[in-house]
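Fold and contact review
This is what each chain is made of:
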Amino acid sequence: MWLKPEEVLLKNALKLWLMERSNDYFVLQRRRGYEEEGGGGLTGLLVGTLDSVLDSTAKVAPFRILHQTPDSQVYLSIACGANREEITKHWDWLEQNIMKTLSVFDSNEDITNFVQGKIRGLIAEEGKHSFAKEDDPEKFREALLKFEKCFGLPEQEKLVTYYSCSYWKGRVPCQGWLYLSTNFLSFYSFLLGSEIKLIISWDEVSKLEKTSNVILTESIHVCSQGENHYFSMFLHINKTYLLMEQLANYAIRRLFDKETFDNDPVLYNPLQITKRGLESRAHSEQFNAFFRLPKGESLKEVHECFLWVPFSHFNTHGKMCISENYICFASQDGNHCSVIIPLREVLAIDKTNDSSKSVIISIKGKTAFRFHEVKDFEQLVAKLRLRCGAASTQYHDISPELKEKMKEQSWKILFAECGRGVSMFRTKKTRDLVVRGIPETLRGELWMLFSGAVNDMATNPGYYAEVVEQSLGTSNLATEEIERDLRRSLPEHPAFQSDTGISALRRVLTAYAYRNPKIGYCQAMNILTSVLLLYAKEEEAFWLLVAVCERMLPDYFNRRIIGALVDQAVFEELIRDHLPQLTEHMTDMTFFSSVSLSWFLTLFISVLPIESAVNVVDCFFYDGIKSILQLGLAILDYNLDKLLTCKDDAEAVTALNRFFDNVTNKDSPLPSNVQQGSNMSDEKTSLTRVDITDLIRESNEKYGNIRYEDIHSMRYRNRLYVIQTLEETTKQNVLRVVSQDVNLSLRELDELYVIFKKELFLSCYWCLGCPVLKHHDPSLPYLEQYQIDCQQFRALYHLLSPWAHSANRDSLALWTFRLLDENSDCLINFKEFSSAIDIMYNGSFTEKIKLLFKMHIPPAYTEVKSKDASKGDELSKEELLYFSQLHVSKPANEKEAESAKHSLEKVSVYSVFKDPL
């Protein structure tokens, strides 16, 4: 590898390097201890330890070339090599292309300048095809060389970044280097002859968290396959942890979110993944989640500044965040004030000429926002003006019309002070009013605003009408389930006691199932959509459903409800932190998961009376999942004494159900025949009533300090555990079914399953032309979720088959695959794969002869044999005669008979079976 020329003082380096070759201008050296018997003794151990700790790989590569300046002790390092062949190739190039030219220069300075320029040119040429795209490509190239040398992973494995840290082996810290690549977490250390080499696949990580204890102030804990690993002494541990969290999460998402990776050019091609790109993506995800922006928005710029708040008459300090289509502002604490300004609404952007460095943004509605102390404000104004010009031609001016007048004077005052619409100021007063309950006439408008659905609808004019027209008359499993549940959605409400309400509900659910076939239709979506249609127009209800299913509650509404399971795990973690006495009483935490699942899936609509549940939905659209978690904690806290006296789970569930039946909303304008609480029995009315407004206010006062950033982090952390648990459950179900039909032990099947899945996962990922996990379908029965094609089967066949030593192993692999692929879809599942391996290793001699015989039957004769090859039935006399004579008794034609005979002659029976094990 060519290196950026750097000065080396040869006098101090002679103890670590030995001279191999030299001439008038260059020196080739070998590292002491390398290629020496016994590793160079104590000196070799010390040198190896020093090499492991040093930052620059150029100093630790076993070979290097220096450019020498005559009559000087200062040399320039220009190349290094991991082996003698590589360094010799560089040396030969220097002698053939440089040596003759150097003799024409008059001064040593000219010679040195020429050599430096030539080497830099070579490095620039190599850089065009290099992975080194980070801030310091020289060091990254050196780290990449060491990474490839130490771990021997495939060439396609992309190194993302590396860190110096300590790995704790027991109570002893081992200093070394942590390498983060697209598929693996790797660590290498060499201290006084003790070498530590650790490789952990990201998809096997079940736990990833930051921890601290008496010995370690702060460390990163990684749990993989039941083993715990601790890394500490990072320079920036938070950045390191964030990067590890993302890589682990991407590896897990590849198992169940194939569509996202297919449509994302960066994730689809692992060679495009970089440290800077991952950090940028993480910031964009947090930005979109915080401001409820549409998917696809990416954070471009962040500027610290002050925003003038007119109704409070002061400047609030915070950050201006700019994406492709939005300008957003959040105060420093995140709760005091926030603003969202769509560029489609911007009329003018101006700057002041005074020393305040102010940017003034004017929008429709005669509202202006004034940002002070903006760094590089002149360049920012120029950029924003260009973007606004592009945005004005991209979007159509679609603004929702108000049909009802405001009922509450407090909201009138708020709109007058803070503005109305997407760009209104969102302050503490806004949250207080939401906690009290949004007026009926404003609910639809504010739900659209707070959820970000208004942005989705504005950027997709006419989309809903098109989807309704395209989905009209379609018939599939989703539409059948929708028809079955239509009249079960709020049947007590007058809006759904006529065909008008039922038809609107049908159109919204069917349109969404058509838009997102990955989700289709899931139970609980009908209940949620019914409530949305009560307060929003049909198109608005559709976009609210999109916002809930795709952004606010990700991965909730699918067959495996991964998102809901993750948030249940987050809820359990919050219970342990905030209600420890309840955790001690309830030894089995799965109780909370069983009762809280409906809370999360329906936003409490299924357990609370409708007049109370809508207040919960108000808070959800304003604060997201944070409000649901807070309310869940408040409910458990309110019923703490009753729950602590319960003897079993059934008694606890009964106590919670009674509590929900007695939650009321005294301010609800709904008629008494609609309110569910009005029909309670005498036994229920004798219990204490709880007002929903008081309950929500209490949840904010007690648990309002829970930050969204903490929830985001807990979601990432628990997602790893949930996915691994689901995968482990799937694996155990597969092994239990397969073990009934084969003689392999559970331990052998477990090892075989791991190999089977690894071939499916890694071969797809490393092959850039192949879609990620193209044969994985979570919607199929668990036994058929993972399938491999012929190429993948051949790779496994060469590794596992006792017949792999045969000269015609490729033909054997092809014939075996053809035999196992009974439905002719060019894919086989794990059960079919393990049945063949079982016969090869555990079958009798006759069973193996039977298998080999059927492998050689051409496709035209497969219908003749109706027996299953995996059963291992005894060979008939006709079959033995067929095998011994190597021909078919009644061929369809002479060509097919000759083909079958030629195929059988390729493999010698005795060479295959003489002692295959």
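**Overview of the overall build of the protein chain**
When its secondary structure is counted, the protein chain shows 38 helices and 24 strands. Counting only carbon and sulfur atoms, one obtains 50% of the accessible surface of the protein chain, whose full area is about 42,800 Å².

**Thoughts on the packing of aromatic side chains**
A full pass over the atoms with the stated rule returns 31 aromatic pairs. Aromatic pair Tyr167 and Phe231: ring centres 5.2 Å apart, planes at 35°, arrangement tilted. Highlighted residues: Tyr167 in strand 6 (residues 159-169) and Phe231 in strand 12 (residues 227-232), separated in sequence by 64 residues. With relative accessibility at 9%, the residue Tyr167 sits in the buried group. Taking relative accessible area as the criterion, Phe231 reaches 0% and is therefore assigned buried. Ring centres 5.7 Å apart and planes at 80° place the aromatic pair Phe571 and Phe600 in the edge-to-face group. Of this pair, Phe571 sits in helix 21 (residues 562-578) while Phe600 sits in helix 23 (residues 590-602); the two residues are 29 residues apart in sequence, bridging distant segments of the chain. Looking at Phe600, the relative accessible area reads 2%, which means it is buried. Site record: aromatic cluster; members linked through ring pairs are Phe571, Trp599, Phe600, Phe604, Tyr638, Phe659 and Phe660.

**Considering the side chain of Ser471**
Among the structural elements, Ser471 can be located in helix 16 (residues 463-471). If sequence neighbours within four positions are ignored, Ser471 has contacts with Thr510, Ala511 and Tyr514.

**Describing the environment of Val302**
Mapped onto the fold, Val302 is located in strand 13 (residues 301-309). Classification of Val302 by relative accessible area gives partly exposed; the value is 42%. Between the C-alpha atoms of Val302 and Phe329, which are 27 residues apart in sequence, the distance is 9.5 Å. Not counting the four nearest positions on each side in its chain, Val302 is found in contact with Lys319, Met320 and Cys321.

**Quick word on the state of the cysteines**
Applying the stated criterion to the full structure yields zero disulfides. Here Cys549 is not cross-linked by a disulfide; its sulfur's nearest cysteine counterpart is in Cys522, at 8.6 Å. Overall, the relative accessible area of 3% leaves Cys549 in the buried class.

**Observations concerning unusual backbone geometry**
The phi angle at Leu603 is positive, at roughly 55°, despite the residue not being glycine. Examined against the element boundaries, Leu603 turns out to sit in the loop between helix 23 and helix 24 (610-623). Phi angles above zero are rare outside glycine, and Phe604 is one such case at about 70°. With respect to the element layout, Phe604 can be found in the loop between helix 23 and helix 24.

**Examining the packing of helix 33 (residues 809-820) against helix 35 (residues 845-855)**
The N-to-C vectors of helix 33 and helix 35 enclose an angle of 90°; their axes lie 9 Å apart at closest approach. Classed by the angle they form, the pair helix 33 and helix 35 counts as roughly perpendicular. Where helix 33 abuts helix 35, its residues Leu812, Trp815, Thr816, Arg818 and Leu819 lie against Leu851, Leu852, Lys854 and Met855.

**Describing the nonpolar core**
In this structure, Phe371, Met525, Phe557, Trp599, Phe604 and Phe621 are the most contacted members of the largest nonpolar core, which totals 146 residues. Here this core gets 10 residues from one element, more than from any other, and that element is helix 20 (residues 538-552). One finds Cys165, Tyr241, Ile252 and Ile273 within the second-largest nonpolar core, a separate group that totals 37 residues.

**Some points on the confidence of the model for the protein chain**
Scored by pLDDT, the protein chain has a mean of 76; 76% of the residues are at 70 or more. Note on residues 677-686: pLDDT under 50 across the span, and 11 contacts to partners over four residues away in sequence or across chains. Residue range residues 860-891 is modelled with pLDDT below 50. Its contacts to residues more than four positions away, or to other chains, number 48 contacts.

**Here we look at the pattern of salt bridges**
Going through the model one piece at a time under the given rule, you end up with 25 salt bridges. In this structure, the salt-bridge partner of Glu417 is Lys429, at a minimum N-O distance of 3.8 Å. Residue Glu417 is found in helix 12 (residues 409-418), and its partner Lys429 is found in helix 13 (residues 428-436); the two are separated by 12 residues along the sequence. By relative accessible area, which is 35% here, Lys429 ends up partly exposed.

**As for the pairing of strand 3 (residues 26-31)**
Remark: a regular strand shows side chains that alternate across the two faces of the sheet. Among the six residues of strand 3, six are classified as buried, and the element is accordingly described as predominantly covered. Here strand 3 shows no split at all, with Phe26, Leu28 and Arg30 on one side and Val27, Gln29 and Arg31 on the other all buried. Pairing analysis gives five bridges linking strand 2 (residues 17-22) to strand 3, with the strands arranged antiparallel. Paired with Leu18 across the two strands is Arg30, which belongs to strand 3. If you look at the hairpin formed by strand 2 and strand 3, you'll find three residues sitting between the two strands.

**So, the sheet that holds strand 13**
Pairing between sheet strands relies on hydrogen bonds along the backbone, with the strands arranged either parallel or antiparallel. The strand order across the open sheet formed by eight strands is 17-18-19-13-14-15-16-20, and the pairing between neighbours is antiparallel. Either end of the sheet is taken by a strand with one partner, and the two such strands are strand 17 (346-351) and strand 20 (426-427). With five bridges joining them, strand 18 (residues 359-363) and strand 19 (residues 367-372) adopt antiparallel strand pairing. Looking across to strand 19, one finds that Ile361 is bridged to Phe369.

**Some remarks on the side chain of Ser627**
In this fold, Ser627 is placed in helix 25 (residues 625-638). On the basis of relative accessible area, Ser627 is assigned to the buried category, the value being 8%. Reaching out from Ser627, the side chain makes a polar contact with the backbone oxygen of Cys619 at a distance of 3.4 Å. Residue contacts for Ser627: discarding those within four places in its chain leaves Cys619 and Phe620.

**Topic: helix 32 (residues 790-800)**
Buried within helix 32 we find Gln792, Phe793, Leu796, Tyr797 and Leu800. Buried residues in helix 32, looked at end-on, bunch into an arc of 140°, giving them a common side.

**Notes on helix 24**
Think of an α-helix as 3.6 residues a turn; residues three or four steps apart then line up on the same face. The end-to-end C-alpha distance of helix 24 is 20 Å, a good match for the 20 Å that 14 residues give at a rise of 1.5 Å each. For helix 24, a buried count of 14 out of 14 residues is recorded, marking the element as mostly surrounded by other parts of the structure. Phi for Gly624, located one or two positions after helix 24, is positive at around 70°.

**Some words on the pairing of strand 14 (residues 314-322)**
Relative to strand 14, strand 13 is paired through nine bridges, and the arrangement is antiparallel. Across the sheet, residue Val302 finds its bridge partner in strand 14, namely Cys321. With antiparallel pairing between neighbouring strands as the criterion, strand 13 and strand 14 make up a hairpin whose turn holds four residues, including His313 at a positive phi of roughly 60°. Where strand 14 lies against strand 15 (residues 326-331), five bridges are found, and the strand directions are antiparallel. Bridged to Met320 within strand 15 is Phe329.

Rules used throughout
- Residues numbered from 1 in each chain as written.
- Predicted model: local features only at pLDDT ≥ 70, side-chain atom pairs only at ≥ 80, totals over all residues.
- Heavy atoms only, no water.
- Helix = DSSP H or I, 4+ residues; strand = E, 2+ residues; numbered from the N terminus.
- Areas by Shrake-Rupley, 256 points an atom, 1.4 Å probe, with all protein chains shown as cover.
- Phe/Tyr/Trp six-rings, centres within 6.5 Å; stacked < 30°, edge-to-face > 60°.
- Buried < 20%, exposed > 50% of the residue type's maximum accessible area, 1.4 Å probe, protein only.
- Contact = heavy atoms within 4.5 Å.
- Disulfide = S-S within 2.5 Å.
- Axes fitted to C-alpha atoms, helices over the stretch in contact; angles between N-to-C directions.
- Parallel < 35°, antiparallel > 145°, perpendicular 65-115°, else oblique.
- Core = buried A, V, L, I, M, F, W, Y, C linked by side-chain atoms within 4.5 Å.
- pLDDT = per-residue confidence, 0-100.
- Salt bridge = Lys/Arg side-chain N within 4 Å of Asp/Glu carboxyl O.
- Pairing = 2+ DSSP bridges.
- Polar contact = N/O pair within 3.5 Å; in protein donor to acceptor, adjacent residues only side chain to side chain.
- Arc of directions from axis to C-beta.
- Expected span 1.5 Å × (residues − 1).

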